[in-house]
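Architecture and fold: a report
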Amino acid sequence: MNKTYIIYSTILVTVLLLAGMLIGFRIDSNKTPGEDTAVNKPMVFSAVKDVKVNDSFWSPKLALWSDVTVNDIFNKFEGQYDEESRRDLLNEYKKLGRTRDAFRNFDIVAQGKRGVGQPQHEGPPWYDGLVYETIRGAADFLIQFPDKKTEERIDAYIDRIEAAQNSEGDGYINTYTMLAEPKHRWGTNGGFERYQHDVYNSGALIEAAVHYYNATGKTRLLNIAVKCANYICKVMGPAPKLNIIPAHALPEEAMMKLYWLFKNNPVLKSKISEKVNEDDYYDMAKFWIEYRGKHCGLPVWNVWSQAECEKWIKDNTYSDPKYGNHSRPSWGLYNQDSVSVFQQKTIEGHAVRATLFGTCVTTVALENNDPSYIEASSAIWDNMVGRRMHVTGGCGSFRYEEMFGPDYVLPSDGYLETCAAVGSAFFSGRMAELHGDGKYFDAFERSLYNNVLSGISLSGDHYSYENPLIGEGVERWNWHSCPCCPPMFLKIVGELPRYIYSKESNSIYINLFIGSEAKIMLDNGQEVLVKQTTGYPWEGRIEINIEPTTKKEFTVKVRIPGWAQSSENPYGLYISKVKSGAGIKVNGKKTALNITRGYVNITRIWAKGDVIELNLPMEPRFVYANEKVQNLKGMAVLASGPIVYGLEKFDNPELSSYKIDINSPVNMTYKNDVLNGVNIITGKAFTGKGAEVEFKAVPFNTLNNRMPGNDFKVWVPVQE
Ligand SMILES: [Zn+2]
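Attention in this report is confined to the structure presented alongside it. (Residues numbered from 1 in each chain as written. Predicted model: local features only at pLDDT ≥ 70, side-chain atom pairs only at ≥ 80, totals over all residues. Heavy atoms only, no water.)

1. So, the coordination of the zinc ion
The protein atoms that coordinate the zinc ion are Glu417 (OE), Cys419 (SG), Cys484 (SG) and Cys485 (SG), at distances spanning 2.0 to 2.3 Å. In this structure, the zinc ion is surrounded by 4 donor atoms whose angles at the metal cover 95 to 120°, and the resulting shape is tetrahedral. Under the relative-accessibility criterion, Cys485 is labelled buried at 1%. (Donors = N, O, S within 2.8 Å, 3.2 Å for Na, K, Ca; no water. Tetrahedral: all angles 85-135°; square planar, octahedral: opposite > 155°, others 65-115°. Buried < 20%, exposed > 50% of the residue type's maximum accessible area, 1.4 Å probe, protein only.)

2. Some thoughts on the packing of aromatic side chains
On inspection of all chains with the given rule, the structure shows 41 aromatic pairs. Here the aromatic cluster, defined as three or more aromatic residues joined through ring pairs, consists of Phe57, Trp58, Trp65, Tyr449, Phe489, Phe513, Tyr536, Trp538 and Tyr670. For Arg100, the ring lying beneath its charged end belongs to Tyr127, and the centroid distance is 5.0 Å. In this structure, Arg604 packs its charged tip against the face of Trp606, placed 5.0 Å from the ring centre. (Phe/Tyr/Trp six-rings, centres within 6.5 Å; stacked < 30°, edge-to-face > 60°. Lys NZ or Arg CZ within 6 Å of the ring centre and 35° of its normal.)

3. Structural notes on the packing of helix α14 (residues 351–368) against helix α15 (residues 371–387)
Relative to each other, α14 and α15 sit at 145°, their axes nearing to 9 Å. Once α14 is placed against α15, the crossing between them reads as left-handed. Residues Thr355, Val361, Thr362, Val364, Ala365 and Asn368 of α14 touch α15, and the partners they reach there are Tyr373, Ile374, Ser377 and Met384. A breakdown of the residues in the contact of α14 with α15 according to their chemical character gives 6 nonpolar, 4 polar and no charged. (Axes fitted to C-alpha atoms, helices over the stretch in contact; angles between N-to-C directions. Helix = DSSP H or I, 4+ residues; strand = E, 2+ residues; numbered from the N terminus. Left-handed = near helix turned anticlockwise from the far one by under 90°. Contact = heavy atoms within 4.5 Å. Nonpolar A, V, L, I, M, F, W, Y, C, P; charged D, E, K, R; others polar.)

4. A closer look at the side chain of Ser576
Its location among the elements puts Ser576 in the loop between β10 (574–575) and β11 (583–586). Engagement of the side chain of Ser576 in a polar contact is seen with the side chain of Glu568, the distance being 2.5 Å. (Polar contact = N/O pair within 3.5 Å; in protein donor to acceptor, adjacent residues only side chain to side chain.)

5. Examining the pattern of salt bridges
Taken as a whole, this structure holds 44 salt bridges when the rule is applied. Of the charged contacts, one joins Lys76 and Asp72 as a salt bridge, the two residues approaching to 2.9 Å between their closest N and O atoms. With Lys76 and Asp72 both in helix α2 (residues 58–77) and 4 residues apart, this pair spans about one turn of that helix. Judged on exposure class, the residue Lys76 and its partner Asp72 are both buried. Among the ionic pairs, Asp315 bridges to Lys311, the shortest N-O distance being 2.6 Å. The exposure class of Asp315 is partly exposed, given its relative accessible area of 45%. Residue Lys311 is classed as exposed on the basis of its relative accessible area of 52%. One salt-bridge network, held together by shared partners, links Arg136, Glu207, Glu253, Lys257, Arg430, Glu433, Glu495 and Arg498. (Salt bridge = Lys/Arg side-chain N within 4 Å of Asp/Glu carboxyl O.)

6. Remarks on the pairing of strand β9 (residues 552–559)
Among the 8 residues of β9, 6 are classified as buried, and the element is accordingly described as predominantly covered. Note: strand β5 (residues 507–510) against β9, 4 bridges, orientation parallel. Bridged to Ile510 within β9 is Val558. Strand direction decides the pairing type here: β9 and strand β14 (residues 599–606), joined by 8 bridges, are antiparallel. Among the inter-strand pairings, Glu553 is bridged to a residue of β14, identified as Ile605. (Pairing = 2+ DSSP bridges.)

7. What about the side chain of Asp437?
Here Asp437 shows up in the loop between α16 (418–435) and α17 (438–452). Among buried charged residues, Asp437 stands out as having no salt bridge; its nearest opposite-charge side chain is Arg597, 4.2 Å away. (Lys, Arg positive; Asp, Glu negative; His and termini not counted.)

8. Re unusual backbone geometry
Residues Ala239 and Pro240 are joined by a peptide bond in cis, for which omega reads 10°. Position of Pro240 among the secondary structure elements: in the loop between α10 (220–235) and α11 (251–264). Cis geometry is found at the peptide bond from Leu298 to Pro299, where omega equals -5°. Tracing the sequence through the fold places Pro299 in the loop between α12 (278–290) and α13 (306–314). A positive phi angle is found at Asn189, which is not glycine, with a value near 55°. Its place among the elements puts Asn189 in the loop between α7 (175–180) and α8 (193–196). Asn189 gets classed as exposed once you look at its relative accessible area, which sits at 52%. Positive phi, close to 65°, is recorded for Tyr408, a residue that is not glycine. Following the sequence through the fold, Tyr408 ends up in the loop between α15 and α16.

9. So, the sheet that holds strand β12 (residues 589–590)
Across the sheet, which stays open at both edges, the 7 strands sit in the order β2-β6-β7-β8-β15-β11-β12 with antiparallel pairing between neighbours. Unpaired on one side and paired on the other, β2 (51–53) and β12 mark the two borders of the sheet. As paired elements, β11 and β12 share 2 bridges and run antiparallel to each other. In the strand pairing of β12, Val586 is matched with Lys589.

10. A look at the sheet that holds β14
The pairing of strands in a sheet happens through backbone hydrogen bonds and is either parallel or antiparallel. In space, the 6 strands of this open sheet follow the order β1-β4-β5-β9-β14-β13, with mixed pairing throughout. The sheet terminates laterally at β1 (44–45) and β13 (595–596), the two strands that pair on one side only. Where β1 meets strand β4 (residues 501–504), 2 bridges bridge the pair, whose relative direction is antiparallel. Paired with Val44 across the two strands is Lys503, which belongs to β4.

11. Thoughts on the pairing of strand β16 (residues 621–625)
Where burial is concerned, most of β16 is hidden: 4 out of the 5 residues are buried. Both β10 and β16 contribute to a ladder of 2 bridges, which runs antiparallel. Pairing of Ile575 across the sheet is with Tyr624, part of β16. The sheet contact formed by β16 and strand β17 (residues 635–640) spans 3 bridges and is antiparallel. Across the sheet, residue Arg621 finds its bridge partner in β17, namely Ala639.

In structure tokens, the structure reads:
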């Protein structure tokens, strides 16, 4: 990155942020749906093991990812990658004489090496965390696709992780800190947690352990995680313990998962070598959320230089008694630490941290039903979806600090990291769980089908970090100096089956349209087998079979997506219209479409053989941005169902001068032989010379597969 560019973008972002604070953030609250501050009874998602996916769109992908992608990511963490894939990795290769190996870090820690300097540690300080995240994703895949080899591979990794932890003895494990700066645990005593990622790594370990236990019933990784969690609970917390919060959100949700695991299965405690007091984990998660914004107020990020801030922290200045006896440095807006989350009204800072932090706050709200948590998570989510999310579900407009921009600033060349889209989908998933409102699944689908899926190549072994809406030379990479996106991608697709169905006392929710079957146990003891058959997202017909073991009255809630009701976005950030609406039939009889909070409720006495038929209007539609988005005036995007489309130069030679004709009809055809089978949208466009041509659009998530680096556009100027 060129230095002038950094300076210009820093100035631009600062000006925009200040302008946003003065004008944008004060315009009004966009919490139109006030009901979301109310305490609701959360819906319960199915467990991954209770859902079997059998779907023409998803099944081939899931099979590819469980085999090719899981192994590819592990191989590359072991150092088996093309060292010339990126220039920065090539430089590293020249220095090391080989590619970097994440597992070697655990081995040399296990050998007792400490303080041997950063070059002895390979990869960034958060490399441990990325390995754990991959184990978590792979574990969920093991549930869907049992695979002895992958399980043995993970068990062998666990041996090495365990040996590293045992070499220290008190539960602490962070290979970077142990090898490079062992006196700076958790960033204390002159360390710098924002770089070290100690708490984040530990959280990822805990989460991996819970998922691996759920997948295999094995407790060895769980033992390691409990030791680590107990150590964290011993040292961090209200005074006199240390005031330490994660400098990257994620551990808060991990602690909740550990808490729930033991709360719901107390017998499991007897299989753990350490004493388990699950309430400590819950208290830790709450502490980490409630102590955001509780610090000494310094350094002043974005005013002082990065180097000054770092020095101030490393000099341990915050431990001066004048800052109190429980002080710590501020991690600033970047890490959602400038104010308490309970005062925060907008989603701010580093987009992956921000979306995961929203996820964590919502996760705790599921347990405590505390109105302040519910209000805080709603405010942040509403702002994200209503003003700061790209049409592809992408989050984080700016490369500078990989951060969210102000309201309505949605540049086509936005940064839009794959991890941030995954984070926003996790956030939307937790919000759906808390509120049972379909709008959260609208956002979940938008992220999933667009900015998440674009993160991986059709071959399953190339990945994107950035997912801009306009491309010149954008390519997926083989491996990256910071390969955070492949594990995040695995995490969400690995647990995709859990989002399809949920229940709330005696109601069943159909959230996603994915061919599958699930057994759902209602609170009244009724077991129901639900089966979906569909060609979605290429076709709009969805058949849902409801099979209770005995005839019984209950409610089936079928989600009707916003776009199918000409409500592209719940707060009008995007606007579109479908000619025909959705239609629903029960046993062939048309049913009134009374939609409450995004779902049609069908209450009746259900019996074996009952069928719901849902028809969604998949006709291609033009989507426009709210007029407050200055740079998208006079532009449109093509979409069909949840899928956003883009135009590649490959199909459209004069793309740079195209204006699409929104008054001519557009057609959509399924092409079996293109991009593994996709719908293609065609219509009329005018070139710069005024010639009328046919444009061809393909799904955004498949761009750059046929000719990597080919120019593309998602927002295209329209000919009025
Ligand atoms: Zn990433």
